[in-house]
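Each chain is listed here by its residues.
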Amino acid sequence: MSSIPPPVALLPVSRRRSLLRGLAALCWLWPSVVLACPVCFVAREASRLAFLWTAILMTFLPLCMMAGIVYFLWRQAQRSARENQGDAPPDSPKPH
Amino acid sequence: MAEPATAHAQHPHNGAGHDHAHHDEGFFKKYLWSTDHKMIAFQYLFTGMLMAIIGGYFAYAFRMQLAYPGASVPGYGTVSPADYLMLVTNHGTIMIFWVAMPVLIAAFGNYLIPLMIGCDDMVFPRLNRLSYQIFLLSAIILIASFFVPNGGFSGAWTAYPPLSSQAAYHLTPWGASLWVLAVALEFVAFLMGGINFVTTVMNSRAPGMTPLRIPMVIWMIVIASILFMASVGPLVAGAVLLLFDQVLGTHVYDPNHGGDPLLWQHLFWFFGHPEVYVVLLPAMGVVAEVITVFARKKLFAYKTVLYTAIATGIISFFVWAHHQFVAGIDPRMANIFTVTTLIISIPIAEMVFVYLATLIGGSIRFTTPMLWALGFLGAFLVGGVTGIFLGSSGSDIYFHDTYFVVAHFHFTFFPIAFIGSFAAITYWFPKMFGRMMNETLGKIHFWGTIIPVNGIFLPLFIAGLAGDHRRIYSYMNFPDSAKPFLQDLRIMATVSLCVLIAFQFVFLYNFIVSLLRGPKADKNPWNANTLEWTAESPPPHGNFAEMPSVHRGPYEYGAPGRDQDFWPQNAAN
Amino acid sequence: MTSEMTPALATVSGGSVDGASTSSAVPRRRPLIPSGVLAMLIFVFTEIMFFTGLVSAFLITRASIGPGGWPPPNQPRLPVAATALNTVALLLSAVALFVAWRSLRERQRGVQAGSVSLRLGLAIALGAAFLIGQGREWIALLHEGLTLHSSIHGSFFYIIVGCHGLHALSALLALGWAFLRLRAQSLRSDTLAAVSVFWFFVVGIWPFLYYQIYL
């Protein structure tokens, strides 16, 4: 199973080279190089990165907070289930 | 988990703000100052319906202007350019924030959550009452903004600065500030409602109502509430900054003084796109309830729908910048958001497939609610599929701000806000008011709505493809847009709208006459399983004569070896 | 929040069936989280997003201004050291509140615990000290010429810090209300926990605001 070669290696060398060329062309087309922003008030990289980072912050913060609350409730549920069985003191560490 | 519910049942007379068994209250106390979740739901429902009439009237006025530019509109008068912008702006605002949200989430959330999870009221009844009062205040402020000097706000419902932030552009300082204030207050109201919904479902479920036995519509409303509360903060922050710009003269959004107008879009759409799913999910939940009951079949994959809904909620935080592809955002960001936008269609499609799989092999009854539910699936599909073109940052450059966008989001929002609400109203009407609606009139209303909707928005797709810009007062001023072919499409859309509005009177007639003189409904007219159908129709204060306990999931239809094809959740065996 | 909770909740079924008459015999179970605390957590959750929105706006605006333009050269500097002192007072008040809540809980469980009202009073006093310190700072800055209109720096400073101050004020009022309830012997530890969650939010978000805006 582990001996399956990666797909690129299966190709003949000339094709591999053209594939790499194609990838390089795609990288060259990576849009920040051809950034054309006619309505950008500020075309500074710092400003664009600030938008990007605050977007990431605003997107992940609520998800992390929700995950935190769900994890807390899940632990509470486990603890109360154990208390109900009466076989473990409430503050003992979790079995798993 | 059942502690609050049983505690209320124990002390029916001293619960916080409860006035159970006091049926001789005055009109004011009973209808306007009630803490009963059902009465608050009715308040939301009727306010939402009233606002829908206003929003529909606005749509009628500006559509008439687009089809017959400059002509006097019967019932409105001549639409001036300023009027036109005001009408378009407030049509959008009203339909999204004062119709879709209050009817689907607030009204049905309030009505269904305690009844379906088996408790006697919300956890915080007085907070609930306050929530409606703030909502009503926001509606009054919005309506008042139409009558201030220079009229209501006219900077489009998305309120992009500098159009919205500087009086030099929007020309109506009072209208703009009242608009922002109304929207902010409305969010405060729904924040209170959402806190109530989540807390109630968390802590007041009937004994045995485990998470995987909760009816799908309740799950959807809870997920939607969480989505709303997680996404609304940045928008309120943006609105605060906008109010400061408008009223106190700061320059946060003013590029001439170091501000950045793109900032508003950043904050607005962070809320704006999850908002779509906030209203979509409850409608999806309603459809799940209606389809299972009238196909007499178990929901095809309960857990899949639930996990899909959660996944939708999570992914909906990753898609919002697709509204700004042409606004000048970083193209790297546009790339990411294109991919995520296309990804989010997967869970939604999955839900639709589950509903279709539920229908297969069912003994389908084409009642009015069922027709609405099926109509929802069909119409929403068109909206979803056309969204793919707008979600791709390349094609969006062409489609942006054309009528293609307008047709796309109306094909999503109309099914959500209206078809979904009609499904819910016709399905729960017997429970809400204790009387049956007229089926014949209901079907006439259905066909009289679903056909004109396509008549309105399908032509607009074509007009959008032809390049019609969406914010034009009169196309006659532009030779390329004034072609007879395009004008015919606009006239077709407007005529269809008039037909649509005419058929809504059938609904209003049916609603009012059934409310007053419809045949009495028994407890469970649809032979449904969920807990609300075990209460009286309409349920009294405190909902249940004896608090139910739950023994099985909500969709046990057609279980083998039973006399009846349904198996109520609270039946012991 | 879904299937994991099933075992805990499944034990409830078969419990209270006929609510009113026999519910005293039914084994009562505490909810996983008191309703008041959950509601306050959700509210705080929204509030954190609100401040995230404001700070995002601030960060983007700051990044859009070229090098050397921030903070604006002709504007007064913010008092970093004085505010650090305020921050310490605020953090200490959170500690005092936490201790107060714990001793209230202990006492309601019947365990001997120290004076709650002293600790709660200390928390309120430290919180008030923070607010007063901020107010004095504002007055000084206004005299030095940093106003809402003087620059976008001033606009953001007053809007963000003002929003935080308003939250601190309302949280202090809630703490004061809890204090009165405590004196009237009608304060439950769950209620104090709900109010505390809000105060912890006000305290917890301040170091981030301080770091972003002052430093």
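Since the model is a prediction, treat every value here as computed from it, not as a measurement. (Residues numbered from 1 in each chain as written. Chains lettered and ligands numbered in written order. Predicted model: local features only at pLDDT ≥ 70, side-chain atom pairs only at ≥ 80, totals over all residues. Heavy atoms only, no water.)

A. The arrangement of the overall build of chain B in detail. Counting secondary structure elements, chain B contains 16 helices and 0 strands. Counting the 573 residues in chain B, one finds 66% classified as buried. In chain B, 80% of the contacts between residues at least 6 apart in sequence involve partners at least 24 apart. (Helix = DSSP H or I, 4+ residues; strand = E, 2+ residues; numbered from the N terminus. Buried < 20%, exposed > 50% of the residue type's maximum accessible area, 1.4 Å probe, protein only. Contact = heavy atoms within 4.5 Å.)

B. Expanded view of the overall build of chain C. Regarding its fold elements, chain C presents 7 helices and 0 strands. Counting from the amino terminus, chain C carries its helices and strands in the arrangement α-α-α-α-α-α-α. A buried classification covers 52% of the 215 residues belonging to chain C. Counting contacts in chain C only where the partners sit at least 6 residues apart, residues at least 24 apart contribute 77% of the total. Total accessible area on chain C is roughly 9,400 Å²; 67% of this is exposed by carbon and sulfur atoms. (Areas by Shrake-Rupley, 256 points an atom, 1.4 Å probe, with all protein chains shown as cover.)

C. Spatial organisation of the environment of leucine 136 of chain B. Position of leucine 136 of chain B relative to the elements: it lies in helix 5 (residues 125-144). C-alpha of leucine 136 of chain B to C-alpha of tryptophan 98 of chain B: the two residues are 38 residues apart in sequence and 9.7 Å apart in space.

D. Spatial organisation of the packing of helix 8 (residues 216-248) of chain B against helix 3 (residues 35-64) of chain C. Look at helix 8 of chain B against helix 3 of chain C: their axes get within 7 Å of each other, and the N-to-C directions meet at 45°. Compared by their axis directions, helix 8 of chain B and helix 3 of chain C come out oblique. As for the relative orientation of helix 8 of chain B and helix 3 of chain C, their crossing is right-handed in sense. Taking contact as the criterion, the partners of Met229, Ala230, Val232, Gly233, Pro234, Val236, Ala237, Val240 and Leu241 of chain B in helix 8 of chain B are, on helix 3 of chain C, Ile42, Phe45, Thr46, Met49, Phe50, Gly53, Leu54 and Ala57 of chain C. Broken down by class, the residue content of the contact of helix 8 of chain B with helix 3 of chain C amounts to 14 nonpolar, 3 polar and no charged. (Axes fitted to C-alpha atoms, helices over the stretch in contact; angles between N-to-C directions. Parallel < 35°, antiparallel > 145°, perpendicular 65-115°, else oblique. Left-handed = near helix turned anticlockwise from the far one by under 90°. Nonpolar A, V, L, I, M, F, W, Y, C, P; charged D, E, K, R; others polar.)

E. Inspection of the interface of chain A and chain C at higher detail. Contacts between the two partners involve 22 residues from chain A, matched on the other side by 21 residues from chain C. Overall, the association of chain A and chain C removes approximately 2,000 Å² of surface from exposure, summing both partners, and the carbon and sulfur fraction of that is 78%. Partitioning the side of chain A that touches chain C into residue classes produces 16 nonpolar, 5 polar and 1 charged. (Buried area = accessible area lost by both parts, 1.4 Å probe.)

F. Just the environment of glycine 249 of chain B, in detail. Structurally, glycine 249 of chain B is set in the loop between helix 8 and helix 9 (262-295). Separated by 83 residues in the primary sequence, glycine 249 of chain B and glutamine 166 of chain B place their C-alpha atoms 8.7 Å from one another.

G. Here's a closer look at the confidence of the model for chain C. Looking at chain C as a whole, its pLDDT mean stands at 83, while 86% of the residues score no less than 70. Taken together, the stretch residues 1-28 of chain C has pLDDT below 50 and engages in 53 contacts with residues farther than four places along the chain or on a different chain. (pLDDT = per-residue confidence, 0-100.)

H. Structural view of the nonpolar core. Trp98, Met216, Ile218, Met284, Tyr355, Phe376 and Trp428 of chain B are the most contacted members of the largest nonpolar core, which totals 278 residues. No other element matches the 24 residues that helix 9 of chain B contributes to this core. (Core = buried A, V, L, I, M, F, W, Y, C linked by side-chain atoms within 4.5 Å.)

I. Region of the structure containing helix 3 of chain C. Spanning 30 residues, helix 3 of chain C covers 44 Å between terminal C-alpha atoms, matching the ideal 44 Å at 1.5 Å per step. Of all 30 residues making up helix 3 of chain C, 24 are buried, and the element is well covered by its neighbours. (Expected span 1.5 Å × (residues − 1).)

J. Summary view of the environment of isoleucine 501 of chain B. Residue and element names in this part refer to chain B. With respect to the helices, strands and loops of the structure, isoleucine 501 is situated in helix 16 (residues 484-517). Measuring from C-alpha to C-alpha, the distance between isoleucine 501 and proline 452 comes to 9.2 Å, with 49 residues separating the pair along the chain. Residues contacting isoleucine 501, with those up to four places away along its chain left out, are Gly56 and Tyr60.

K. Fine view of the side chain of arginine 129 of chain B. Residues and elements named next belong to chain B. Position of arginine 129 relative to the elements: it lies in helix 5. Take arginine 129: its relative accessible area is 17%, and that puts it in the buried class. In this view, arginine 129 contacts Trp33, Ser34, Thr35 and Ile40; residues no more than four positions away in its chain are not counted.

L. Spotlight on helix 10 (residues 302-315) of chain B. All names here are of chain B. The end-to-end C-alpha distance of helix 10, which contains 14 residues, comes to 20 Å, matching closely the 20 Å that a straight helix rising 1.5 Å per residue would cover. Residues Tyr302, Val305, Leu306, Thr308, Ala309, Thr312, Gly313 and Ile315 constitute the buried set of helix 10. At its buried positions, helix 10 is contacted by helix 8, helix 9 and helix 11 (331-359).

M. Just the pattern of salt bridges, in detail. All names here are of chain B. Inspection of every chain in the model, using the stated rule, returns 8 salt bridges over all chains. For arginine 470, the salt bridge identified is with aspartate 401, shortest N-O distance 3.5 Å. Note that arginine 470 is positioned in the loop between helix 15 (439-465) and helix 16 and aspartate 401 in the loop between helix 13 (393-399) and helix 14 (403-433), a separation of 69 residues in sequence. Side by side, arginine 470 and aspartate 401 carry an identical accessibility label, which is buried. A salt bridge links glutamate 536 to lysine 523; the nearest nitrogen and oxygen atoms lie 3.8 Å apart. You can see glutamate 536 sitting in the segment after helix 16 and its partner lysine 523 sitting in the segment after helix 16, a full 13 residues away along the chain. (Salt bridge = Lys/Arg side-chain N within 4 Å of Asp/Glu carboxyl O.)

N. Structural detail: the confidence of the model for chain B. Residues and elements named next belong to chain B. Taken as a whole, chain B shows an average pLDDT of 90; of its residues, 96% reach a score of 70 or greater. Mean pLDDT values over the elements of chain B span from 37, in helix 1 (residues 3-10), up to 96, in helix 15. Segment residues 1-22: pLDDT under 50, and 55 contacts once partners within four positions in sequence are set aside and those in other chains are kept.

O. Spotlight on the packing of aromatic side chains. Here the structure, examined in full by the defined rule, presents 73 aromatic pairs over all chains. The positively charged end of arginine 490 of chain B is found above the aromatic ring belonging to tyrosine 475 of chain B, 3.8 Å away from the centroid. (Phe/Tyr/Trp six-rings, centres within 6.5 Å; stacked < 30°, edge-to-face > 60°. Lys NZ or Arg CZ within 6 Å of the ring centre and 35° of its normal.)

P. Region of the structure containing the side chain of serine 225 of chain B. All names here are of chain B. Topologically, serine 225 is positioned in helix 8. The buried category is assigned to serine 225, whose relative accessible area is 4%. A polar contact is formed between the side chain of serine 225 and the backbone oxygen of isoleucine 221, at a distance of 2.8 Å. (Polar contact = N/O pair within 3.5 Å; in protein donor to acceptor, adjacent residues only side chain to side chain.)

Q. Quick peek at the packing of helix 4 (residues 81-117) of chain B against helix 5 of chain B. All names here are of chain B. Two numbers describe how helix 4 lies on helix 5: the axes approach to 12 Å, and their chain directions differ by 165°. The orientation of helix 4 with respect to helix 5, classified from their angle, is roughly antiparallel. Between helix 4 and helix 5 lies a crossing whose hand is left-handed. Residues Asn90, Ile94, Phe97, Trp98, Pro102 and Asn110 of helix 4 lie in contact with helix 5, whose contacting residues are Asn128, Phe135, Ser138, Ala139 and Leu142. Residue composition of the contact of helix 4 with helix 5, grouped by class: 7 nonpolar, 4 polar and no charged.

R. Main features of a nonpolar patch on the surface. Taken together, the side chains of Phe27, Phe28, Tyr31, Leu32 and Trp33 of chain B define a hydrophobic patch exposed on the protein surface, amounting to about 540 Å² of accessible area. Considering the arrangement of structural elements, one finds phenylalanine 27 of chain B in helix 2 (residues 27-32). (Patch = residues over 30% accessible without salt bridge, like charges linked within 9 Å, V, L, I, M, F, W, Y side chains within 5 Å.)

S. Broad picture of unusual backbone geometry. In this structure, proline 162 of chain B follows proline 161 of chain B across a cis peptide bond, with omega equal to 5°. Note that proline 162 of chain B resides in the loop between helix 5 and helix 6 (167-170). A cis geometry characterises the amide bond from serine 537 of chain B onward to proline 538 of chain B, with omega recorded as -10°. When you line up the elements, proline 538 of chain B lands in the segment after helix 16. Of note in this structure, asparagine 527 of chain B is not a glycine but carries a positive phi near 55°. With respect to the helices and strands, asparagine 527 of chain B occurs in the segment after helix 16. Asparagine 527 of chain B sits in the partly exposed class, given a relative accessible area of 28%. One non-glycine residue, glutamine 185 of chain C, lies in the positive phi region at around 60°. Take glutamine 185 of chain C: it is sitting in the loop between helix 6 (152-183) and helix 7 (189-213).

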